[in-house]
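# What the coordinates show
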Amino acid sequence: MLSESIAKLVQYGIECGLTPECERTYTTNLLLEAFGEDEYNAPAEEFHNVDLESTLKELLDEACSRGIIEDSIVYRDLFDTKLMNCLMPRPGQVQKEFAEKYEQSPQAATDYFYKLSQDSDYIRRYRVCKDRRWTVESDYGTIDITINLSKPEKDPKAIAAAKNAKASSYPKCLLCMENEGYAGRVNHPARENHRIIPVTINNSNWGFQYSPYVYYNEHCIVFNGQHVPMKIDEAAFRKLFDFVKQFPHYFLGSNADLPIVGGSILSHDHFQGGHYTFAMAKAPIEISVTIPGYEDVECGIVKWPLSVLRIRHKDEQRLIALATHVLNVWRGYTDEDAFIFAETDGEPHNTITPIARKCNDVYELDLTLRNNITTKEHPLGVYHPHAEYHNIKKENIGLIEVMGLAVLPARLKEEMELLGEYLVEGKDIASNEVIAKHADWADQFKHKYDLFTTENVTGILQDEIGQTFVKVLEDAGVYKCTPEGREAFLKFINSL
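The structure reproduced in this document is the subject of the present report. Computed from a predicted model, the values in this text were never measured in an experiment.

### Structural notes on the sheet that holds strand 2 (residues 141-147)
Strand pairing in a sheet relies on backbone hydrogen bonds. The paired strands run either parallel or antiparallel. Reading across from one edge, 1-2-15 is the order of the three strands in this open sheet, with mixed pairing throughout. The sheet terminates laterally at strand 1 (132-138) and strand 15 (405-408), the two strands that pair on one side only. Adjacent strand axes in the sheet meet at a mean angle of 20 degrees when their direction is disregarded. As defined by bridge partners, strand 1 adjoins strand 2 across seven bridges and the pair is classed as antiparallel. The partner of Glu137 across the bridge, within strand 2, is Thr142.

### Observations regarding the pairing of strand 2
With five of seven residues buried, strand 2 is to be regarded as a mostly interior element. Looking at chain direction, strand 2 and strand 15 are connected through four bridges and run parallel. For Asp144, the partnering residue across the bridge sits in strand 15 and is Leu405.

### What to know about the side chain of His219
Looking at the secondary structure, you find His219 in the loop between strand 4 (204-210) and strand 5 (220-224). Note on His219: relative accessible area 1%, which makes it buried.

### Quick notes on helix 1 (residues 2-16)
Over its 15 residues, helix 1 runs 21 Å from end to end, which matches the ideal 21 Å to within 8%, given 1.5 Å per residue. Most of helix 1 is tucked away, with 13 of its 15 residues classed as buried. Where helix 1 terminates, the next one or two residues include Gly17, which has phi positive at roughly 95 degrees.

### Observations regarding the packing of helix 3 (residues 52-65) against helix 4 (residues 73-85)
Running from N to C, helix 3 and helix 4 cross one another at 115 degrees; their axes reach a closest spacing of 10 Å. It follows from the interaxial angle that helix 3 and helix 4 lie roughly perpendicular. Handedness of the helix 3/helix 4 crossing: right-handed. Contact residues: Leu52, Leu56, Lys57, Leu59, Leu60, Asp61, Ala63 and Cys64 in helix 3; Arg76, Phe79, Asp80, Leu83 and Met84 in helix 4. Per-class residue counts for the contact of helix 3 with helix 4 are nine nonpolar, no polar and four charged.

### Observations regarding the environment of Cys299
Note on placement: Cys299 falls in strand 9 (residues 298-302). In this structure the C-alpha to C-alpha distance between Cys299 and Gln444, which are 145 residues apart in sequence, comes to 39 Å. Those residues in contact with Cys299 that sit more than four places away from it in its chain are Ile287, Ser288, Val289, Ile291, Arg310, Ile311 and Leu322.

### Observations regarding helix 4
End to end, helix 4 covers 18 Å across 13 residues, agreeing with the expected 18 Å (1.5 Å per residue, within 8%). Burial within helix 4 is extensive, with ten of its 13 residues counted as buried.

### Examining the nonpolar core
Of all hydrophobic cores here, the largest spans 98 residues; its most connected members are Phe208, Ile311, Leu365, Tyr479 and Phe492. Per element, the largest residue contribution to this core is eight residues, and it comes from helix 1. In this structure Leu365 touches Phe237, Leu240, Phe241, Leu309, Arg310, Ile311, Leu319, Ala323, Pro354, Ile355 and Ala356, once residues within four positions along its chain are discounted. By size, the runner-up hydrophobic cluster in this structure holds 51 residues, among which are Trp134, Val136, Ala279 and Leu423.

### A short note on unusual backbone geometry
Cis peptide bonds are those with omega within 30 degrees of zero, and the linkage from Tyr170 to Pro171 qualifies with -15 degrees. Tracing the backbone shows Pro171 in the loop between helix 8 (156-164) and strand 3 (197-201). Of note in this structure, Asn49 is not a glycine but carries a positive phi near 50 degrees. For Asn49, the location among the structural elements is in the loop between helix 2 (24-34) and helix 3. Overall, the relative accessible area of 71% leaves Asn49 in the exposed class. Look at Asn202: it is not a glycine, yet its phi comes out positive at around 55 degrees. Turning to its location among the elements, Asn202 is positioned in the loop between strand 3 and strand 4. Taking relative accessible area as the criterion, Asn202 reaches 23% and is therefore assigned partly exposed.

### Some remarks on the sheet that holds strand 9
Across the sheet, ten strands lie side by side as 3-4-5-7-6-13-14-10-9-8; this open sheet has antiparallel pairing. At either end of the open sheet lies a strand with only one pairing partner, and these are strand 3 and strand 8 (285-289). For this sheet the average axis-to-axis angle between neighbouring strands, irrespective of direction, equals 25 degrees. Where strand 13 (residues 350-359) and strand 14 (residues 362-371) come together, ten bridges link them in antiparallel fashion. The residue bridging Arg357 from the neighbouring strand is Glu364, located in strand 14. Strand contacts of helix 6 (residues 106-119): strand 3 and strand 4, with the helix running at about 60 degrees to strand 4, the strand carrying the most contacts.

Reading the values: the criteria
- Throughout, a residue's number is its position along its own chain's written sequence, starting from 1.
- The model is predicted, so local features are restricted to residues of pLDDT at least 70 and side-chain atom pairs to those at 80 or more, both for listing and for counting; the totals for chains, interfaces and linings are taken over all residues.
- Processing note: side-chain calculations cover all non-hydrogen atoms of the structure and skip hydrogens and water entirely.
- Pairing between two strands is assigned when DSSP locates at least 2 bridges connecting them.
- Runs of E in the DSSP output that reach at least two residues are strands. Runs of H or I that reach at least four are helices, and both are numbered from the N terminus.
- Here the axes come from fitting lines to C-alpha atoms, over the contacting stretch only for helices, and the angles between their N-to-C directions go from 0 to 180 degrees.
- Burial classes follow relative accessibility: with a 1.4 Å probe on protein chains only, a residue under 20% of its type's maximum area counts as buried, one over 50% as exposed, and anything between as partly exposed.
- Expected helix span is taken as 1.5 Å per residue step, with the number of steps being one fewer than the number of residues.
- An angle below 35 degrees is read as roughly parallel, one above 145 as roughly antiparallel, one from 65 to 115 as roughly perpendicular, and any other as oblique.
- Crossings are classed by handedness, with left-handed meaning an anticlockwise turn of the near helix from the far one by less than a right angle and right-handed meaning a clockwise turn.
- Any pair of residues with heavy atoms lying within 4.5 Å of one another is described as a contacting pair.
- Three classes are used, and their members are as follows: Ala, Val, Leu, Ile, Met, Phe, Trp, Tyr, Cys and Pro are nonpolar, Asp, Glu, Lys and Arg are charged, and the others, Gly among them, are polar.
- What we call a nonpolar core is a set of buried Ala, Val, Leu, Ile, Met, Phe, Trp, Tyr and Cys residues that are connected through their side-chain atoms within 4.5 Å.

Now the structure itself:
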């Protein structure tokens, strides 16, 4: 059984190009060593079109039966990553292949690297496909919605083991270069099958990789070679365009550098990009503006729920200069009438979420104005999802959400299925503790529909979730999409 499963995995590696045919025996022996097995009986059957998920399951079940690992998702993930690394080319080989593909075109290089990142099981296709994805039409365009189901839930044993595990500062975080090839532990994912492409950005060493959870097509992460915190400044704008110039088919953006309006990892300087066009990028200019000293730069307020100033020019240096000017003014800008405060009690509040892209021969930079002030009424943030929408989205509005993709928690899958049943059967939603949090929300839209049926309820809930996400984005806008909001936005622009 083990010999057969190993033969299938090796054949998978050869078929998808991870492993050359001349390394078939070598790879087989590496896999035998991982199981502490001395014997190998080559199966008579020849295997083709091997299914990776089922083959890994066979090998993991065997490892559990032999007592090599505990039968837990965490330990299984650690071990199957070790197995996949037996098929993998070394980092230097990947970098060499990437460079050769880049000579053909930047897209040829990223196509190769994205495929490798999936074939290696670093991006687990069979988990990512479980994510729920749909779109919703809004006043701002087509909004993307996803319920993330590709991150496995840890079981109680693994949680306890992680709690008792020895503290370690290596790697310092999930974005450090030292993750490449790291075996992992119960409180840090295995990265033995992970490969990083070195890139030079702003005359410094950075890494280029893909997100294992791919929230959108070719979702990449570009991160500083040093473990230094996020910072939005002139250098950040320069870094964005340095990357986009090298990979013009990709956009690249940055989370803001302050809590609440920033991303989940503020401790390591990084950007996110990819080969995807979000609703925000498609949104038109609503009001064109001219900024003194930058009359040659096309500027305008974007028709978008968050407050976005779009600037465009063939010379990215002009955009870097203007973006730096806008940032410096915004950092110190206060408008009490619009409830914009640069700081309170010495704590800064204003920052920017920038997104860079190239459209034909024109560079484009979207500057999303952010503010992280809190009040007693809104303790998690005034420009953050308000409490009435926390049943759907309570987490920070980071770069991905800013661009128009809702990344919603896995709990919503079960909750929406149960809520759908209650709506169809006319049951009291508040009586069930799992979905009671959705009772008030459902009361707000129930009157819009004549009848809930098993055929239409899923579509209705998906649409209502999407419309709620649009309201969440409106909450995050420092200037609202109203005549008063636009007037206040123009007041800031006139101060530039």
